[in-house]
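So the chains spell out like this:
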Amino acid sequence: MSAILPPSERIWWKTPVGKEEIVWILLALIWCIIMFAMMPIWHIYGKQNLSNEAYKTTPVQYEAKVKAMTEQHTIRTQLVGGVDVPVVAPPAGSDVYMLARLWSWYPMLELKKGESYRLHLSSLDWQHGFSLQPININLQVLPEYEMVITITPDTSGEFTIVCNEYCGILHHTMLGKIYVTE
Ligand SMILES: [Cu+2]
């Protein structure tokens with residue numbers, strides 16, 4: 001019998017399933033259930049997959065919000081590849097905006113340790129990946145969607161944002177910064 005020729009036993013569905021086959025089906029089923037359960041378990045107990053909210057937006061609307069925050073709370077600028085990038089220190093507890101575009105994260109943020117912020121993320125062009133290093137928090141950043149996560153930095157220092165979604169020729173230069181001060 002093959003997949004092409006008809007089976008020699010025409011009523012094959014009535015032959016009992018072999019023992020080995022049942023064992024494999026059971027193993028596969030148990031593994032499926034474990035993998036399925038890992039999704040909520042990892043979300044609750046893992047540290048990388050944060051709960052987030054998502055809202056509809058447009059690149060124009062989102063850029064306006066980023067601009068408003070940057071104009072209000074810029075404390076200094078930092079030279080990155082010949083361009084002055086603002087470093088923004090918004091008040092504790094406030095809404096903080098960062099945008100992704102080809103090929104930069106804008107602006108840089110300076111947050112206070114132990115304070116909570118609502119971090120908004122969106123893209124002005126296409127898909128980017130927000131990867132916060134070295135703590136390895138990963139989020140998808142999509143145009144037209146505004147993702148919001150509540151963050152409370154518990155370590156001070158300098159954190160780098162790496163784009164981990166290939167987005168073109170200068171993808172590897174797409175780095176951002178979050179400073180956390182005491
Ligand atoms: Cu990117």
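Each remark here, short or long, concerns the structure printed above.
Residues numbered from 1 in each chain as written. Predicted model: local features only at pLDDT ≥ 70, side-chain atom pairs only at ≥ 80, totals over all residues.

### Topic: the overall build of the chain
Across its full length, the chain carries two helices and 12 strands. When its helices and strands are written in sequence order, the chain yields α-β-α-β-β-β-β-β-β-β-β-β-β-β. Taking 2.2 N^0.38 as the reference for a compact globule, 182 residues should give roughly 16 Å; the C-alpha atoms of the chain span a radius of gyration of 24 Å, well beyond that estimate. Counting only C-alpha atoms and orienting by the principal axes, one finds that the chain spans roughly 80 × 35 × 30 Å. (Helix = DSSP H or I, 4+ residues; strand = E, 2+ residues; numbered from the N terminus. Rg over C-alpha atoms; globule rule 2.2 N^0.38 Å.)

### Some thoughts on the nonpolar core
Residues M98, L109 and L121 are the most contacted members of the largest nonpolar core, which totals 24 residues. Those elements giving two or more residues to this core turn out to be helix 2 (59-73), strand 3 (83-88), strand 4 (95-101), strand 6 (108-112), strand 7 (117-123) and strand 11 (157-163). When residues of this core are assigned to their parent elements, the largest contribution, five residues, is made by strand 4. Residue contacts for M98: discarding those within four places in its chain leaves W105, Y106, L109, L119, L121 and G176. (Core = buried A, V, L, I, M, F, W, Y, C linked by C-beta atoms within 7 Å. Buried ≥ 20, exposed ≤ 12 C-beta atoms within 10 Å, placed from the backbone. Contact = placed C-beta atoms within 7 Å.)

### Points about the sheet that holds strand 5 (residues 104-106)
Spatial ordering of the open sheet is given by 1-10-7-4-5, a layout of five strands whose pairing is mixed. Whereas interior strands pair on both sides, the edge strands pair on one side only; in this sheet they are strand 1 (53-56) and strand 5. Neighbour-to-neighbour, the strand axes of this sheet turn through a mean angle of 25°, independent of strand direction. As judged from the four bridges shared by strand 1 and strand 10 (residues 145-151), these two strands associate in the antiparallel manner. Bridge assignment links E53 to a residue of strand 10, and that residue is V148. (Pairing = 2+ DSSP bridges. Axes fitted to C-alpha atoms, helices over the stretch in contact; angles between N-to-C directions.)

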